[in-house]
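Structural features, examined
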Amino acid sequence: MSKAFVCPCGKSVVVGGSNGVGLAVALTLSETEQVVIVDKVEPDAQLPENVEFVRFNLLSEDYSLFDRLQDVDKLVITAGFGRLSLFENVSEEELVRMMQVNAVGVMRIIHHYYNKLHSKEDFFCAVMVSISGFMSSPFFAVYGASKAALKIFIESLNVELLKSGTTNQILNVSPGSLGGTRFEGAKNDLSLTLPFAKELIDRMMNKEDLFIPHYEETFKEVLARYAADFRKEGAHSYDYKLNSGRLK
């Protein structure tokens, strides 16, 4: 654990900040403020002195750690996992772990920071969801279900926040496949994730509620096809993934 560093610019908690987009977000935020990375594994990079690492597994029963990390004004949650697999090849244990880490764990963390979100004071929050949460996703049935749960949770909570009179919102970050992350066994590449992290932070600081990268170029049409005929688009998604070379 690196030594504590006091910065007047703010303080952030990044859950899942040891690799991938989370690491890129943590390093970007560390340019101006103190950051606490919460993850189950050591960060995959040399950390500057104003970044602290706290080990935590989202499968834990006890989330009181987050009650001790309240002196922050930003929360970014990027933790999550998934793999391409037919449902018949997903064990019951993996199913439970995926729903716990990707959905229930995120909701529990948000619950620990809800007073800050509900406050009239600025609090900035972003959660990594997935475009899989917007449509049927064969080979990603459980993963997609976990992300769909997050999508509805965030949308519902954002309405509650608006109606309460606060301007604080949770940014739903829902990309498709991202390069430079460890998802599906790939390797970290900060040159690919840092630009994405910077845009994520900018949108979070503007208190936006939805960020779908490449929406106009790709996903606007995909979502329109899905709305028009979800069965046909689901079959197209199945064939696309089957022929993508990503199945192991």
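A brief report on the enclosed structure follows.

A few words on the sheet that holds strand β4 (residues 74-77). Sheet architecture is open: seven strands sit in the order β3-β2-β1-β4-β5-β6-β7, paired in parallel fashion. Edge positions in the sheet fall to β3 (51-55) and β7 (210-211), since each has one partner strand and no second. Bridge count for strand β2 (residues 34-39) against β3 is five bridges, and the pairing is parallel. Looking at the pairing, V35 lines up with V51 of β3. Contacts between helix α2 (residues 92-112) and the sheet are confined to β1 (11-15), β4, β5 (124-128) and β6 (170-173), with β4 contributing the most and set at about 175° to the helix. Seen against the sheet, helix α4 (residues 141-164) touches β5 and β6 and runs at an angle of roughly 150° to β6.

With phi around 75°, F139 is a residue other than glycine that occupies positive phi space. Among the secondary structure elements, F139 is positioned in the loop between β5 and α4. In this structure F139 comes out as buried when scored by relative accessible area, which is 6%. Notably, K207 is not glycine yet its phi reads approximately 60°, a positive angle. Following the sequence through the fold, K207 ends up in the loop between α5 (190-205) and β7.

What counts as what
Residues numbered from 1 in each chain as written. Predicted model: local features only at pLDDT ≥ 70, side-chain atom pairs only at ≥ 80, totals over all residues. Heavy atoms only, no water. Pairing = 2+ DSSP bridges. Helix = DSSP H or I, 4+ residues; strand = E, 2+ residues; numbered from the N terminus. Contact = heavy atoms within 4.5 Å. Axes fitted to C-alpha atoms, helices over the stretch in contact; angles between N-to-C directions. Buried < 20%, exposed > 50% of the residue type's maximum accessible area, 1.4 Å probe, protein only.

None of the figures reported here should be taken as evidence of function without further support.
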